[in-house]
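# Chains, contacts and geometry: an overview
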Amino acid sequence: MLFQSWIFLFFFLLFYAVYLAVKRTRFKNAWILICSYIFYGWWEPWFLILIAYSTLADYAALAIMERSRRRKIWLSVSIINNLALLVFFKYSGFITENVNLLFSLLGMSYKLPLPGIFLPVGLSFYLFKSIGYVVDCYRGDVEREKNIIRHGAFVSFFPILLAGPVERAKNLLGQLRESLKISWQDVADGFSLFIVGLFKKVALADSLTLYVDKVYDTPGEYQSAALILATFAFGWQIYFDFSGYSDMARGIGRMMGFRIMLNFNNPYLATGLGDFWRRWHISLSSWFRDYVYIPLGGNRKGKFNTYRNIFVTMMLLGFWHGAAWAFIIWGGLHAVVQCLMRGLERSRFYEESVPTIIKQVFVFAFVTFAWIFFRAASWDDASVIVRRIFTTGVANPNFPLLFVFLIFLVWLYQYVYESRFRWILRNSAVRTGAVVFMILYLMVFASSSNEAFIYLQF
Amino acid sequence: MAEKDTLESEKRRRAVSGQSVMFSSNEVRLSVFQWIVVLGLVGVFLYLVSVFWVGMEQFEAESDYRFPYQLSNDYWLYKSYCQRVCAGEKTVIIGDSVMWGQYVKRDQTLAHYLNELAGRDSFANLGIDGGHPAALCGLIKYYGGAISGKRVILHLNPLWMSSKKHDLQVSKEFRFNHPRLVPQFFPEIPCYRASISERMGIIIERNVPFLGWRRHLQLAYFKDENGIGRSLPEWAMAHPYDNPFRVFTSEIGDFAEELRYEPKPWTERSPTKLDLSWVELKTSLQWSLFQRLVKILQERKNSVLVVVGPLNEHMLNEKSLTSYREIKKNIEVFLKEKNVSYYFPTVLPSESYADVSHPLSEGYSFLAEQLFDNDVFRGSW
């Protein structure tokens, strides 16, 4: 069930009514677990077998690891088990296609049958959450959770189950262990987060998708201006869609008394590519930093190894997004530019002499260009788009001024937020007015949204 | 010199961030009191819109007016139309496209000819295109509250029981008219496959006038060239450089009265006889909801005259005709039991039918004359 659906509202009201009664009792986590399973099973009941298996397997591995002298083996068992699930459900089709491609390149007529396996929603997110938790336990950063109910509630915590944030055990498990107090301000904060997320998703992302889909579905029919604007729109669409989901998830968590990590921090105001990745999908990028980049050596073993580590991390991050070469290329693009810009971004010249707006424009331009590979239906389509952007004329793109206005409004808000005029936004009337505007816009003008979130496909 | 990316430095970073999670990347954070103010302002807006929009929107239901078929799904406006009509003393005519007049212009409908015979504007056409009994029941129940204490001519088009598909009893999903008006959960309609969330949204919309008003905006103002209602973003896609506020005029747009179907006799269209698979009344979904509709109208102290048909019997084969006559008998039994006034018009001349249920202009004229010659009708009206 999507957060912006009536059925979710009904579900949450029922959940919350009981939750308020049990939040300071030992039934709190059991209730969270039960409702999380109902929430997840609503998509497809057999998903529950998978999440239950993953939860129990990790629980068992951690229990054994705690007692065993060969802790690394049990760490490896848990990680391999989780990655095996991911590979099977997410990448088996990709692997099979590429093996078949290899066969045909070698002149073999034999082809492996395509598995046609359906990717369970949220799999990538909760498996990574689990892997992070197991590694943290191994490192001694987090105490193993002995209560199976609490462990299950951590893995399946419904506000963040489907599309993150990829929470850390130290934060989420820590709060599950506490007896939570929920103040009226927590509820108010939850509403604030939720309404912003809902506006981003329903009013903004779902609007932009109308233009993006139209152009990206048949890119060969459009010229440069339309292709550029569609790419620009997609950059904002994916930001609104994903950050909107994160905001709604955090808002729901807040109403439950949980503080869930921030996942997006105005990424299009980044002044460097490193800065971009500290602002975009923070939970995932920090996960890759802590569990891939740093264990590989980070920047501790010389320039060559640093670049190698950046490449591996970014390619894997790209690959996490989808089983397609386009995502790997997208990750690779980011890796190349990050390596090239690394020295420049840390130079005094860049830090002190280049105006902030120039840095932001450059980073935005590159990130937007890279989105082409992320969004295009195939490598061929991406090639067509890139080629046509630079070779075709400028026909009327018919990009709605309404969308320009809305994007500009958001960008201006964010720009002011990070400027010395932030005090304007803190004004009570401005904050209240912004919320009234969002609610009325949603109620009067936005379409009834049944659009799923983009990141549910990952 | 940048700090080495070590586990220790990360641990330090984490120790600092720890449980202290940044609230948001914006300043949209309201206190409880501010949320109360927001909800109050939104509530005032919703109230003002529902009260003032009806008055602001010019909508003249003049003589021979019928609800534009392009707005057939605009139930909020239909409710407004009902309220305007029922403010006077007119007799209201409720039914589907037969009463609405699918093959005729608005000055050729039953309502028009009844007004002609009455010598004054006494009858109002509240027919709705595609209004099968299941939809009519929902329409009158949720949006026809103004029809209270009135004289009502309620038309029953028996064609809606002429097959399992018409009766909404096939299990294969198909798009039927006015899904937002039919019962969403009970009784179950096998061919209706909307998700639970959609159904809940429809039920909420029926009970929250503001949501109906929002749909009205989409259908009446943000419509596309085919007359299909669109949200603002969808409208903007079709009008990328236009000012959306310009669509709001004090009048609802002019909806052309072009005939969608050529008004010619059925013999020139498809002269073959029909073999209809009538659904028995006792198992018919449409009939059960028609009964419910009659009950709703009676409970609202309306004086109801049910007019059944007349179907184009010239178009039915012998077997269909026999079954149809049986159904008519059973309908009569029910109406008698429930003390509902009724009239079964005699079948019209063959050439005055456009298809199996819709008359042409002269057909409506004959029908009006039949009604005026009928004792029950004359006694009440």
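Predicted, not measured: the structure shown is a model, and the values here were computed from it. (Residues numbered from 1 in each chain as written. Chains lettered and ligands numbered in written order. Predicted model: local features only at pLDDT ≥ 70, side-chain atom pairs only at ≥ 80, totals over all residues.)

This part covers the nonpolar core. With 215 residues, the main nonpolar core has A230(A), A233(A) and I93(B) as its most contacted residues. For this core, the leading source of residues is helix 9 (residues 224–255) of chain A, giving 18 residues. Each of domain 1 (12–181) and domain 2 (185–457) of chain A contributes no fewer than three residues to this core. (Core = buried A, V, L, I, M, F, W, Y, C linked by C-beta atoms within 7 Å. Buried ≥ 20, exposed ≤ 12 C-beta atoms within 10 Å, placed from the backbone. Helix = DSSP H or I, 4+ residues; strand = E, 2+ residues; numbered from the N terminus. Domains from an automatic or database assignment.)

Residue and element names in this part refer to chain B. Viewed as axis vectors pointing N to C, helix 6 (residues 133–143) and helix 11 (residues 285–299) meet at an angle of 25°, and their least axial separation amounts to 8 Å. By the angle between their axes, helix 6 is roughly parallel relative to helix 11. Note on packing geometry: the crossing formed by helix 6 with helix 11 is left-handed. Residues P133, A134, L136, C137, I140 and K141 of helix 6 form the contact with helix 11, whose participating residues are L285, Q286, L289, F290, R292, L293, I296 and L297. For the contact of helix 6 with helix 11, the per-class residue count stands at 11 nonpolar, 1 polar and 2 charged. (Axes fitted to C-alpha atoms, helices over the stretch in contact; angles between N-to-C directions. Parallel < 35°, antiparallel > 145°, perpendicular 65-115°, else oblique. Left-handed = near helix turned anticlockwise from the far one by under 90°. Contact = placed C-beta atoms within 7 Å. Nonpolar A, V, L, I, M, F, W, Y, C, P; charged D, E, K, R; others polar.)

A few words on unusual backbone geometry. A cis amide bond links G164(A) with the next residue in sequence, P165(A), at an omega value of 0°. Here P165(A) lies in the loop between helix 6 (148–156) and helix 7 (169–177). Following G309(B), the chain continues into P310(B) via a peptide bond in cis, with omega recorded as 5°. With respect to the element layout, P310(B) can be found in the loop between strand 4 (303–308) and helix 12 (318–337). Of note, the phi angle at N339(B) is positive, near 60°, even though the residue is not glycine. Relative to the helices and strands, N339(B) resides in the loop between helix 12 and strand 5 (341–343). Looking at N339(B), the number of C-beta atoms within 10 Å reads 8, which means it is exposed.

Moving on: helix 3 (residues 75–86) of chain B. All names here are of chain B. For helix 3, built from 12 residues, the straight-helix expectation of 16 Å at 1.5 Å per residue is met to within 8% by its first-to-last C-alpha distance of 16 Å. Looking at helix 3, one finds that the buried residues are Y75, W76, L77, Y78, S80, Y81 and C82. On its buried face, helix 3 sits against helix 2 (32–56), helix 6 and helix 8 (209–220). (Expected span 1.5 Å × (residues − 1).)

Residues and elements named next belong to chain B. Confidence along chain B averages 88 in pLDDT terms, with 92% of residues attaining 70 or more. Of the regions scoring below 50 in pLDDT, residues 1–19 engages in 18 contacts with residues more than four places distant in sequence or in other chains. Here the predicted complex carries an ipTM of 0.90, next to a pTM of 0.90. (pLDDT = per-residue confidence, 0-100.)

Counting residues at the interface gives 41 residues for chain B, matched by 56 residues for chain A. Listed by contribution, the elements that provide at least two residues to the side of chain B that touches chain A are helix 1 (7–17), helix 2, helix 7 (196–207) and helix 9 (232–238) of chain B. With 8 residues, helix 2 of chain B is the single largest residue contributor to the side of chain B that touches chain A. Split by residue class, the side of chain B that touches chain A holds 24 nonpolar, 10 polar and 7 charged.

On to the pairing of strand 1 (residues 91–94) of chain B, then. Along any regular strand the residues' side chains alternate between the sheet's two faces. Residues and elements named next belong to chain B. Neither face of strand 1 is left uncovered, since the one carrying T91 and I93 and the one carrying V92 and I94 both have all their residues buried. Pairing of strand 1 with strand 2 (residues 123–125) involves 3 bridges; the strand directions are parallel. Its bridge partner lying in strand 2, I93 is registered against N125. One ladder, built from 3 bridges, connects strand 1 with strand 3 (residues 151–156); its direction is parallel. The residue bridging V92 from the neighbouring strand is V152, located in strand 3. (Pairing = 2+ DSSP bridges.)

Inspection of the secondary structure assignment puts T91(B) in strand 1. Sequence-wise, T91(B) and S122(B) are 31 residues apart; in three dimensions their C-alpha atoms are separated by 6.1 Å.

Right, let's talk about the pairing of strand 4 of chain B for a bit. All names here are of chain B. Bridge count between strand 3 and strand 4: 6 bridges; the pairing is parallel. Looking across to strand 4, one finds that R151 is bridged to S303. Remark: the strand 4/helix 12/strand 5 crossover connection has right-handed handedness. (Right-handed = clockwise from strand over helix to strand, strands pointing away.)

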